[in-house]
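Structural description and commentary
Each chain, written out:
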Amino acid sequence: MPRFSIIVPLLNQSIEVENTLASLLRYQTQDTEIVVAHDASQADPYDLGDEVVRIGVTNPNLIQLFNAGVRIAQGSLIGFVRPGVEICDGWSAPVHRSFLNPSVGSVCPNIVNEGSELSPLLTGIDYSRTFQRQVVEPSPTLKSHSADPAQPLGPSSWAGFYRRAALRKIGHVDSKLDPLFLDLEIALSLKTLGFQTNFQADCLFRIADPTMVWNEANLPHGCSAERAILRHGVNLKSWAARNSAWSRMINELLGSGFQPSRLRHALQRFQAGKFRQKDQHFAQKLFQNAQFMHSAKRPLKRVA
């Protein structure tokens, strides 16, 4: 059985997909399987044969591809790498080293600009007090092999690693959330369950076009942010949980200079009400799992 399962979500065919798959196959270790989650209408567009495990999803989004990949993954450690990101040699040892600590539920790799390992791009993701997703950028002095930078809440969906047993405690990620909210939803859930995240400066990933990261980060996701308050805000005792949607909307608009995308983001918050019952159920279930794990005082078994 493999130690690592690296999931690659394919929403379309592109040169970015080819480069990502090529890097994974080039630096694949003996204890790693590669899982390609793709649109079911695509048979095997890259003629990879038995080199990867494939699973098709009908009319998928990013979250559905993640869920499908996790469902069939055999490894105890789950990687998620999106097209446009390339893995570098020597990635597995530092990741495995982080997971030797049973309290660690996720690991953030060091994502750098292609062609320059001394130009870190992002270390992970975090959230604002209104649960808006935020990309965590490294400090100006961070180099590829420096000490721990500002700690992110969790890895970015562009590249990250998770403990499979921890993901099982969460269950499938709600596919009705905005796709870009995938990473933050997992990070918030792992925090509630009591898991830690580690940043691994020695695990390098390269990205050829950083604008993909920033363009996505600016997409409106107000409904997901508002839903996160009910799903996670009470347990995290946040400022957002103590205020109304109107207060959050005004706060965001004042801080954004009334940009059109931020206006859409703020107005989307009022769409979250239709998910209220579902989100309450999720929050209760997650909190119960966290209480059980705490009372049992049985740390997860170390990865061999």
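Sequence order as written defines the numbering, with residues in each chain counted from 1. Local features are withheld for residues below a pLDDT of 70 in this predicted model, meaning they are given only at 70 or higher, and side-chain atom pairs are given and counted only at 80 or more; totals for whole chains, interfaces and linings count all residues. Just so you know, side-chain values use all the structure's heavy atoms and leave hydrogens and water out.

1. Quick look at the overall build of the protein chain
A count of helical and extended segments in the protein chain gives ten helices and eleven strands. Residue exposure (1.4 Å probe, protein chains only): buried if accessible area is under 20% of the type maximum, exposed if over 50%, otherwise partly exposed. Taken across its 304 residues, the protein chain has 54% of its residues classed as buried. Should any heavy atoms of two residues lie within 4.5 Å, those residues are counted as being in contact. Look at the contacts in the protein chain between residues 6 or more apart in sequence, and 79% of them connect residues 24 or more apart. What sets the accessible areas is the Shrake-Rupley method with a 1.4 Å probe; for residues, cover comes only from the shown protein chains. Carbon and sulfur atoms provide 50% of the accessible area of the protein chain, an area that totals close to 13,900 Å². Helix and strand assignments come from DSSP, with helices taken as H or I runs of at least 4 residues and strands as E runs of at least 2, each series counted from the N terminus.

2. Observations regarding the environment of Leu 77
Assignment of secondary structure puts Leu 77 in strand β4 (residues 77-81). Owing to a relative accessible area of 0%, Leu 77 belongs among the buried residues under this scheme. Linking Leu 77 and Phe 161, residues 84 residues apart in sequence, is a C-alpha distance of 6.8 Å.

3. Concerning the nonpolar core
Counting residues in each nonpolar core, the largest one holds 32 residues, and the members touching the most others are Ile 111, Phe 161 and Phe 205. With four residues, the top contributor of residues to this core is strand β1 (residues 4-10). For our purposes a nonpolar core is just a set of buried Ala, Val, Leu, Ile, Met, Phe, Trp, Tyr and Cys residues, chained together by side-chain atoms within 4.5 Å. If you look at the next biggest cluster of nonpolar residues, it comprises 28 residues, including Ile 7, Phe 80, Leu 190 and Leu 286.

4. Considerations on the state of the cysteines
Disulfides are defined in this document as cysteine sulfur pairs within 2.5 Å. What the rule picks out here adds up to zero disulfides. Left unpaired, Cys 203 is separated from the closest cysteine sulfur, that of Cys 88, by 8.3 Å. Residue Cys 203 is classed as buried on the basis of its relative accessible area of 0%.

5. Here's the deal with the packing of aromatic side chains
A pair of Phe, Tyr and Trp rings is counted when the ring centres sit within 6.5 Å of each other, with Trp represented by its six-membered ring. The angle between the planes then sorts it: under 30 degrees is stacked, over 60 is edge-to-face, the rest tilted. A complete count under the given rule lists seven aromatic pairs for this structure. Here Phe 4 and Trp 91 contribute two aromatic rings whose centre-to-centre distance is 4.9 Å and whose plane-to-plane angle is 70°, an arrangement assigned as edge-to-face. On the criterion of sequence distance, the pair formed by Phe 4 in strand β1 and Trp 91 in the loop between β5 (85-87) and α3 (92-99) is long-range, its members being 87 residues apart. The pair formed by Phe 4 and Trp 91 is uniform in burial state, with each residue classed as buried. With a centroid separation of 5.1 Å and 80° between ring planes, the pair formed by Phe 66 and Phe 80 is classed as edge-to-face. In this pair, Phe 66 is assigned in helix α2 (residues 62-72) and Phe 80 in strand β4, connecting sequence segments 14 residues apart. A residue is classified by how much of its surface remains accessible, and Phe 66, at 3% relative accessible area, is buried. Residue class for Phe 80 comes out buried when judged on its relative accessible area of 2%. An aromatic cluster is present here, built from Phe 4, Trp 91, Phe 161 and Phe 205 joined pairwise through their rings.

6. Comments concerning the pairing of strand β8 (residues 124-127)
A regular strand places its side chains on the two faces of the sheet in alternate fashion. Relative to strand β9 (residues 133-136), β8 runs antiparallel, the two being bridged by four bridges. Along β9, the bridge assignment pairs Tyr 127 with Arg 133. Here, any two strands with at least 2 DSSP bridges between them count as paired. Between the end of β8 and the start of β9, which pair antiparallel, lie five residues, with Phe 131 showing a positive phi angle near 65°.

7. Points about the pattern of salt bridges
We define a salt bridge as a side-chain nitrogen of Lys or Arg found within 4 Å of a carboxyl oxygen belonging to Asp or Glu. Applying the stated criterion to the full structure yields eleven salt bridges. The salt bridge involving Glu 185 is made with Arg 231; its shortest N-O contact spans 2.8 Å. A residue pair is termed long-range when its members are at least 10 positions apart, and Glu 185 in helix α5 (residues 182-193) and Arg 231 in helix α7 (residues 222-236) qualify at 46 residues. With respect to class, Glu 185 is no different from Arg 231; both count as buried. A salt bridge links Asp 279 to Arg 231; the shortest N-O distance between them is 2.8 Å. On the criterion of sequence distance, the pair formed by Asp 279 in helix α10 (residues 276-296) and Arg 231 in helix α7 is long-range, its members being 48 residues apart. In this pair, the class of Asp 279 matches that of Arg 231, namely buried. Residues participating in the shared-partner salt-bridge network are Asp 174, Glu 185, Arg 227, Arg 231, Lys 278 and Asp 279.

8. Here we look at the side chain of Ser 224
Following the sequence through the fold, Ser 224 ends up in helix α7. On the basis of relative accessibility, which here comes to 1%, the residue Ser 224 falls in the buried class. Ignoring any residue separated from it by four or fewer positions in sequence, one finds Ser 224 in contact with Leu 177, Asp 178 and Phe 181.

9. A short note on the side chain of Asp 174
With respect to the element layout, Asp 174 can be found in the loop between α4 (164-170) and α5. Using a relative accessible area of 8% as the deciding quantity, one classes Asp 174 as buried. Residues adjacent in sequence count toward polar contacts only when both atoms are side-chain atoms; beyond that, a polar contact is any pair of N or O atoms within 3.5 Å, and within protein one must be able to donate a hydrogen and the other to accept it. A polar contact of 3.2 Å, which involves the side chain of Asp 174, links it to the side chain of Lys 278.

10. As for unusual backbone geometry
At Asn 59, a residue that is not glycine, the phi angle is positive and equals roughly 45°. Tracing the backbone through its elements, the reader meets Asn 59 in the loop between β3 (53-57) and α2. The backbone of Phe 131 sits at a positive phi, close to 65°, despite the residue not being glycine. Within the fold, Phe 131 resides in the loop between β8 and β9. Given the relative accessible area of 0%, Phe 131 is considered buried.

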